[in-house]
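The primary structure of each chain is shown beneath.
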Amino acid sequence: MERAHVPVMEEEIDLRAYVLVLLKYWKWIIGTTGAAAVVALVVSFLLPPTYEATALVAIKAPQYVMQFDPRFEVPSQLPQPAYKAYPDLAEGDEVLEALFARLNPRPVGIETVGDLRGMVDAKAGTDPSIIRLTVRARDPQEAARIANLWAELFVAHANRVYGASDEELRQLEGQLAQVQAELEAAEQALIEFQARNPASILEARLDSLRSDQAHYLADQRAITYILQDIQALQEQLARQPDERPASLADDLTTLFLQIKAFNAQASAPIQLQVNSAGSLSNKSIGETMALLDDIAQALRAKSAEIRQRLEELEPQILSLQKQLQEIYTESDRLTRQRDLARETYTALARKVQETRIAVQGAQSTARLGSRAAVPEKPVGPRKLLNTAVAGTLGLMLSIMGAFGVEWWRNARPG
């Protein structure tokens, strides 16, 4: 089953009714509008004139950044001032309270800081680096005086906030005095340590013990080689009968080994005792073997004594190394403290010098750009503007009133 489509008729707005209402009350509307405009004009003529004076403050970026210490990196681009913060800073309580205190005598009508706040206005100019300080007053002389005084106070306050101040300089100088005392204490501690530093004495003793150790180790190595040679010669002689006379070569080899054995002990305070002695040409193989046994036995005794001496030297060397390392560690610690205190003092001294120069005015960011002149023409009240605004408001209110009266009449029961 299909549904029937019912056309929807849109309600048309009849403008003729509104026009008729306006025509019906046209006299009342025109009269109300004219009366409002006349009242506004009369009031504008009766109000006292208002004068406006404007002083300009220029905010400049630093032309250079001092760098007394090359270890501190300077940015490639100079920092830019916080332009948006300056108008709020100019209207801050501290600046306005100082301005209120300096107004002597005060203009008529300014009894509190709130009254003064209603007369002043700070805003950025077309260029954000220019701050416009505007003062409105009934007296043109007072307007110019307040604007110029406000600009001077604002410049001084802005430079204190964003630049270096005497208080910051005093704090840095106090820190510098403290760091200087710490540096002197570190230097004195290092001097006292050097006065009792036995490092050179211990180093000499350690070098002596290490030299003895090296000699003993060299003698022990030489004895090992000689014993190997003696053993080789004994193995060679053992293949011959003991009664057979030793050959000249065997005698010379034995003599050479004996000389090497005595030379090996010459560098150490150990005496080598050989019991057998005989003619080089009359010894038999057995006697030569006995002589070699005596030499080997003496060398083994010497090697054992050297090992004992080395064992005695080892704890002495280790003890001296420990004492020296403790001394070196303490010396390094005191030296680091002295060096750190010296670097801190140097960096802080340079910072104090930079701040001192900045306080003297080299780094001020705000400057008085232009003083306010005494205004010649008033800026208010604006008679034509007030009359136009009042007439417009009167027209709107009268039209609304006409429609309200007409609605009320039509809404009443017949």
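Nothing here was measured: the structure is a model prediction, and the numbers come from that model.

Trainee: Got a minute to help me understand the overall build of the protein chain in this structure?
Mentor: When helices and strands are counted, the protein chain shows 11 helices and 4 strands. By the burial criterion, 32% of the 414 residues in the protein chain qualify as buried. Residue pairs in contact within the protein chain that sit at least 24 positions apart in sequence constitute 82% of those at least 6 positions apart. A total accessible area of about 27,000 Å² is found for the protein chain, and carbon and sulfur atoms account for 55% of it.

Trainee: Help me understand the packing of helix H4 (residues 93-102) against helix H6 (residues 140-162) in this model?
Mentor: Angle between the axes and distance between the axes: these two values describe a pair of packed helices. Where H4 contacts H6, the axes come no closer than 10 Å and their chain directions differ by 135°. Taken together, the axis directions place H4 and H6 in an arrangement best described as oblique. Considering the relative orientation of H4 and H6, their crossing is right-handed. Residue-level inspection shows Glu94, Val95, Leu96, Ala98, Leu99 and Arg102 of H4 in contact with H6, the latter providing Ile146, Leu149, Trp150, Leu153, Phe154, His157 and Arg160.

Trainee: Is there a simple way to explain the sheet that holds strand S4 (residues 366-370) in this structure?
Mentor: Note on sheets: strands pair through backbone hydrogen bonds, and any given pair is parallel or antiparallel. Spatially, 4 strands are ordered S2-S3-S1-S4 in an open sheet, and the strand pairing comes out antiparallel. Bordering the open sheet on either side are strand S2 (120-124) and S4, each of which pairs with just one other strand. For this sheet the average axis-to-axis angle between neighbouring strands, irrespective of direction, equals 30°. Where S2 and strand S3 (residues 130-137) come together, 5 bridges link them in antiparallel fashion. By the bridge assignment for S3, Ala122 is matched with Leu133.

Trainee: Help me out: how do you make sense of the packing of aromatic side chains in this one?
Mentor: Ring pairs (aromatic) are described by centroid distance and by the angle formed between their planes. According to the stated counting rule, one finds 1 aromatic pair in the structure shown. Taking the centre distance of 6.2 Å and the plane angle of 90° together, the rings of Tyr86 and Phe154 count as edge-to-face. Of this pair, Tyr86 sits in helix H3 (residues 85-90) while Phe154 sits in helix H6, placing them 68 residues apart in sequence. In this pair, the class of Tyr86 matches that of Phe154, namely buried.

Trainee: Got a minute to help me understand helix H7 (residues 166-195) in this structure?
Mentor: Along an α-helix, residues three or four positions apart point the same way, because every turn accommodates 3.6 residues. Compared with the 44 Å implied by 1.5 Å per residue over 30 residues, the 43 Å span of H7 between its first and last C-alpha is a close match. Those residues of H7 that sit buried are Leu169, Leu172, Leu176, Val179, Leu183, Ala186, Leu190 and Phe193.

Trainee: Sorry, what's going on with the pattern of salt bridges here?
Mentor: If the charged atoms of two oppositely charged side chains come close together, the side chains can form a pair. Using the criterion set out here, one finds 7 salt bridges in the structure. Close ionic contact of Asp93 with Arg117 constitutes a salt bridge, the shortest N to O distance being 2.5 Å. Separated by 24 residues along the polypeptide, Asp93 in helix H4 and Arg117 in helix H5 (residues 113-117) bring together distant segments of the chain. On the accessibility criterion, Arg117 (35% relative accessible area) is partly exposed. Across the salt bridge formed by Arg309 and Glu305, the nearest N and O atoms sit 3.4 Å from each other. Placement of both Arg309 and Glu305 in helix H10 (residues 285-362) is noted, with a separation of 4 residues, approximately one turn of the helix. For Arg309, a relative accessible area of 26% corresponds to the partly exposed category.

Trainee: How should I be thinking about unusual backbone geometry in this particular structure?
Mentor: Glycine aside, residues mostly have negative phi angles, and peptide bonds mostly take the trans form. In this model, Asn104 is joined to Pro105 through a cis peptide bond whose omega is 5°. If you trace the backbone, Pro105 turns up in the loop between H4 and H5.

Trainee: Explain the nonpolar core here, please?
Mentor: One recurring pattern in soluble globular proteins: nonpolar side chains tend to sit buried together. If you look at the biggest cluster of nonpolar residues, it comprises 34 residues, and the most contacted ones within it are Val57, Leu99, Leu116, Leu133, Ile146, Trp150 and Phe154. Going through the elements one at a time, strand S1 (51-59), H3, H4, S2, S3 and H6 are the ones with two or more residues in this core. In terms of residues, this core owes the most to one element, H6, which gives 11 residues. Every residue in contact with Ile146, bar those within four places of it in the chain, is listed here: Leu99, Leu103, Pro107, Ile110, Leu116, Met119 and Val135.

Trainee: Looking at this structure, I do not really get the side chain of Thr134. What am I missing?
Mentor: Position of Thr134 relative to the elements: it lies in strand S3. Of note is the side chain of Thr134, whose polar atom sits 3.2 Å from the side chain of Thr54. Those residues in contact with Thr134 that sit more than four places away from it in its chain are Glu52, Ala53, Thr54, Met119, Val120, Asp121 and Trp150.

Trainee: How do you make sense of the confidence of the model for the protein chain when you look at a structure like this?
Mentor: In regions of low pLDDT, the predicted coordinates are not meant to be interpreted in detail. Taken residue by residue, the protein chain gives an average pLDDT of 79. The fraction at 70 or more is 79%. In the model, residues 1-10 has pLDDT below 50 throughout and makes 0 contacts with residues more than four positions away in sequence or in other chains. Taken together, the stretch residues 265-279 has pLDDT below 50 and engages in 27 contacts with residues farther than four places along the chain or on a different chain.

Trainee: Explain H6 to me, please; I cannot follow it from the model alone.
Mentor: With 23 residues, H6 ought to run about 33 Å at 1.5 Å a step, and its terminal C-alpha atoms sit 33 Å apart, in line with that. Regarding H6, its N-cap is Asp139, as a side-chain oxygen of that residue lies 3.1 Å from the backbone nitrogen of Gln141 further along.

Trainee: So what exactly am I meant to see when it comes to the environment of Lys123 here?
Mentor: Assignment of secondary structure puts Lys123 in strand S2. Considered as a pair, Lys123 and Leu133 are 10 residues apart in the sequence and their alpha carbons are 6.9 Å apart. Residues within four places of Lys123 in sequence aside, it is in contact with Pro87, Ile130, Ile131 and Arg132.

Trainee: What am I meant to see in the environment of Ala373 here?
Mentor: If you trace the backbone, Ala373 turns up in the loop between S4 and helix H11 (383-411). Considering only alpha carbons, one finds Ala373 and Ala144, 229 residues apart in sequence, at a separation of 5.9 Å. Not counting the four nearest positions on each side in its chain, Ala373 is found in contact with Ala53 and Ala144.

Trainee: I'm lost on the environment of Ile295 in this one. Help?
Mentor: As for its position among the elements, Ile295 is in helix H10. Given the relative accessible area of 0%, Ile295 is considered buried. Residues Ile295 and Phe262, spaced 33 residues apart in sequence, show a C-alpha to C-alpha distance of 9.4 Å.

Definitions and cut-offs
Residues numbered from 1 in each chain as written. Predicted model: local features only at pLDDT ≥ 70, side-chain atom pairs only at ≥ 80, totals over all residues. Heavy atoms only, no water. Helix = DSSP H or I, 4+ residues; strand = E, 2+ residues; numbered from the N terminus. Buried < 20%, exposed > 50% of the residue type's maximum accessible area, 1.4 Å probe, protein only. Contact = heavy atoms within 4.5 Å. Areas by Shrake-Rupley, 256 points an atom, 1.4 Å probe, with all protein chains shown as cover. Axes fitted to C-alpha atoms, helices over the stretch in contact; angles between N-to-C directions. Parallel < 35°, antiparallel > 145°, perpendicular 65-115°, else oblique. Left-handed = near helix turned anticlockwise from the far one by under 90°. Pairing = 2+ DSSP bridges. Phe/Tyr/Trp six-rings, centres within 6.5 Å; stacked < 30°, edge-to-face > 60°. Expected span 1.5 Å × (residues − 1). Salt bridge = Lys/Arg side-chain N within 4 Å of Asp/Glu carboxyl O. Core = buried A, V, L, I, M, F, W, Y, C linked by side-chain atoms within 4.5 Å. Polar contact = N/O pair within 3.5 Å; in protein donor to acceptor, adjacent residues only side chain to side chain. pLDDT = per-residue confidence, 0-100.

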